[in-house]
Amino acid sequence: MRLAPLLPPLLIAYAAYEEELKGFREDISYVKGATGLAIAIDGRVRSLDLFGTAQICSRLWSRLVAGLAIEALRAAPSRAKATSEDVLKYWANITQWPWEAVTTVGEGQEYRADSQQGDQGSALFYDGKLVYLSAVGPVVANS
């Protein structure tokens, strides 16, 4: 499994930031009806996660926020802010990526894409409806 080598460093990171993660989870609570979360660090949209339903999003919200927190805590402090317009521009960019169908492990249709800037995306559809879409920007030096 490809994730196996990543698990120990990931667990170490979560343990090292346990108190800070608790604070992030308390400060960034789920917004009723939300079906996604955009994460911006240093004024730049770094990831976008969208779900087919608010119910799925609410169940995974805490995990998304924990990922945000780890990255934010490791980044250099910055006053730069992203706006909702920045998120919409990122979404518009995602829709132009060269999405290709891939073999799905389970049910549904899966698509993946790599942008020219090094972003990566994955989307899962079932019966023509979005189940989950994730887009992540490339790792930036000093963040």
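On a predicted model such as this, the values are computed, not experimentally measured, just so you know.

**Some words on the nonpolar core**
Among the nonpolar cores identified, the biggest contains 10 residues, and these are A34, L37, I39, I41, F51, C57, W61, L64, V65 and L68. Sorting elements by how many residues they give to this core places helix α3 (residues 54-74) first, with 5 residues. Beyond its immediate sequence surroundings of up to four residues, L37 is in contact with S47, L48, D49, W61, L64 and V65. Judged by nonpolar contacts, the second largest core, of 7 residues, contains V45, W97, A113 and A135.

**Describing the packing of aromatic side chains**
Under the criterion given, the structure shown has 5 aromatic pairs. For the pair Y30 and W61, a centre-to-centre distance of 5.3 Å together with 80° between the ring planes defines the contact as edge-to-face. Separated by 31 residues along the polypeptide, Y30 in the loop between α2 (18-27) and β1 (36-41) and W61 in helix α3 bring together distant segments of the chain. Taking relative accessible area as the criterion, Y30 reaches 27% and is therefore assigned partly exposed.

What counts as what
All residue numbers refer to position in the chain's written sequence, counted from 1. For this predicted model, a pLDDT threshold of at least 70 governs which residues receive local features, and a threshold of 80 or more governs which side-chain atom pairs are given and counted, while totals over whole chains, interfaces and linings are taken from all residues. The basis for the side-chain values is all heavy atoms of the structure; hydrogens and waters are excluded. We call a set of buried residues a nonpolar core when its members are Ala, Val, Leu, Ile, Met, Phe, Trp, Tyr or Cys and they connect through side-chain atoms within 4.5 Å of each other. The buried label applies to any residue whose accessible area, calculated with a 1.4 Å probe on protein chains only, is under 20% of its type's maximum; exposed applies above 50%, and partly exposed to all values in between. The helix count covers DSSP runs of H or I at least four residues long, the strand count covers runs of E at least two residues long, and both are numbered beginning at the N terminus. We call two residues in contact whenever any of their non-hydrogen atoms come within 4.5 Å of each other. Two aromatic rings, drawn from Phe, Tyr or Trp (for Trp, its six-membered ring), form a pair once their centres lie within 6.5 Å of each other, and the interplanar angle then sorts them: stacked below 30 degrees, edge-to-face above 60, tilted otherwise.

Everything listed here is a matter of geometry and, on its own, says nothing about what the molecule does.
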